[in-house]
Amino acid sequence: MRQKIVAGNWKCNTTLQEGIELAKAVDAIVAKEGAKDVVVVLGTPFTHITKVVETVDSKRIGVAAQNCAAEAKGAFTGEVSADMVKSTGASYVILGHSERREYYGETSEILNKKVALALANGLTPIFCCGEALNIREAGTHNEYVTKQLAETIFNLSSEDFKKIVIAYEPIWAIGTGVTASSEQAQDMHANIRAAITAKFGVEIAEGTSILYGGSCNAKNAKELFANKDVDGGLIGGASLKAEDFIHIINGF
Ligand code: PGA
């Protein structure tokens, strides 16, 4: 059975102190109410990871970086390597988010290097894909997303691909309050799973967790997660409030 995962993506929000408070609040509620069989992950800024790892119970909650460098080490001022991320106690890294692709010029070539370094350091990549509004309107979203995967994580060996979590995040739904309909999400997730089946076979496809992201919130999570190919969510805005985030976890 593939894992159900709800991962928060705090993006460039919270001071260290606010982040610790948020992590404490999530940890306390998960400890009290339980998260059933859902894997809970907090994607914090680099500066917060060590403290958040200390704050939460690692049996209940994993911690993710939101990026890592495309180089292993060296003279790359301002960069944080996969090796450094691993040394903080984080176990996941979000890669290929559309904001990084769009604002920081992350190409498939760069992402391939990041994924390789993340895997080499024992981190689980949460690999994002998703189309812009014009592509959705043109009706070519399935081909577009399949191509994003073909250029990146489909180049991995089967053994490495099995370690990847995919997040489908339609760009038009991120931070806009316009979520994909349950049907749109299921259609795309089925498309992604079919592409994985064609590339790696049915067993690996059935074992791959595919998360939905894009204005997923306490109100719509249940309906989205009820779809057979939606294995959880990557949550931006709604992960910044512990109560909302817990509602989403309880959406399963
Ligand atoms: P959102 O962001 O939930 O605020 O739409 C999701 C994401 O970008 O991961």
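Residues numbered from 1 in each chain as written. Predicted model: local features only at pLDDT ≥ 70, side-chain atom pairs only at ≥ 80, totals over all residues. Heavy atoms only, no water.

(A) Molecular detail of the overall build of the protein chain. Helices and strands together make up the secondary structure of the protein chain, namely twelve helices and eight strands. Along the first, second and third principal axes, the C-alpha set of the protein chain runs to 45 × 45 × 35 Å. Classification of the 252 residues of the protein chain by burial places 52% in the buried group. Taking the contacts inside the protein chain whose residues are at least 6 apart along the sequence as the reference set, 72% of them involve residues at least 24 apart. (Helix = DSSP H or I, 4+ residues; strand = E, 2+ residues; numbered from the N terminus. Buried < 20%, exposed > 50% of the residue type's maximum accessible area, 1.4 Å probe, protein only. Contact = heavy atoms within 4.5 Å.)

(B) Region of the structure containing the pattern of salt bridges. Applying the stated rule across the entire model yields 20 salt bridges. Between E131 and R136 there is a salt bridge, with its nearest N and O atoms 2.9 Å apart. With relative accessibility at 0%, the residue E131 sits in the buried group. For R136, a relative accessible area of 15% gives the class buried. For D231, the salt bridge goes to R193, with nearest N and O atoms at 2.8 Å. With a gap of 38 residues between them, D231 in the loop between α11 (221-225) and β8 (232-235) and R193 in helix α9 (residues 182-200) connect regions that are remote in the sequence. The class for D231 is buried, based on a relative accessible area of 6%. Look at the salt bridges and you will find they share partners, linking R2, R193, E206, K228, D229 and D231 into a network. (Salt bridge = Lys/Arg side-chain N within 4 Å of Asp/Glu carboxyl O.)

(C) Broad picture of the packing of aromatic side chains. The full count for this structure, using the stated rule, is six aromatic pairs. Plain terms: the ring middles of F154 and F161 are 5.9 Å apart, the flat faces sit at 65° to each other, and that makes the pair edge-to-face. We classify F161 as buried; its relative accessible area is 0%. Geometrically, the ring pair formed by F154 and F200 is edge-to-face, given 5.8 Å between the ring centres and 85° between the ring planes. (Phe/Tyr/Trp six-rings, centres within 6.5 Å; stacked < 30°, edge-to-face > 60°.)

(D) Examining the packing of helix α7 (residues 141-150) against α9 more closely. At a minimum axis separation of 10 Å, α7 and α9 run at an interaxial angle of 45°. Here α7 is positioned oblique relative to α9, judged by the angle of their axes. Classified by chirality, the crossing of α9 by α7 is right-handed. Contact residues: α7 offers H141, N142, V145, T146 and L149, while α9 offers M188, N191, I192 and A195. For the contact of α7 with α9, a count of residues per class yields five nonpolar, four polar and no charged. (Axes fitted to C-alpha atoms, helices over the stretch in contact; angles between N-to-C directions. Parallel < 35°, antiparallel > 145°, perpendicular 65-115°, else oblique. Left-handed = near helix turned anticlockwise from the far one by under 90°. Nonpolar A, V, L, I, M, F, W, Y, C, P; charged D, E, K, R; others polar.)

(E) Representation of the site of the ligand in the model. What surrounds the ligand is a group of 13 residues, the closest being K11, H97, E169, G175 and S215. The separation between an oxygen atom of the ligand and a polar side-chain atom of K11 is 2.7 Å. In this structure, an oxygen atom belonging to the ligand sits 2.7 Å away from a side-chain N or O atom of H97. Notes on the ligand: free accessible area 280 Å², of which the protein chains cover 95%. When grouped by side-chain class, the residues that make up the shell around the ligand number four nonpolar, seven polar and two charged. (Near = heavy atom within 4 Å. Polar contact = N/O pair within 3.5 Å; in protein donor to acceptor, adjacent residues only side chain to side chain. Areas by Shrake-Rupley, 256 points an atom, 1.4 Å probe, with all protein chains shown as cover.)

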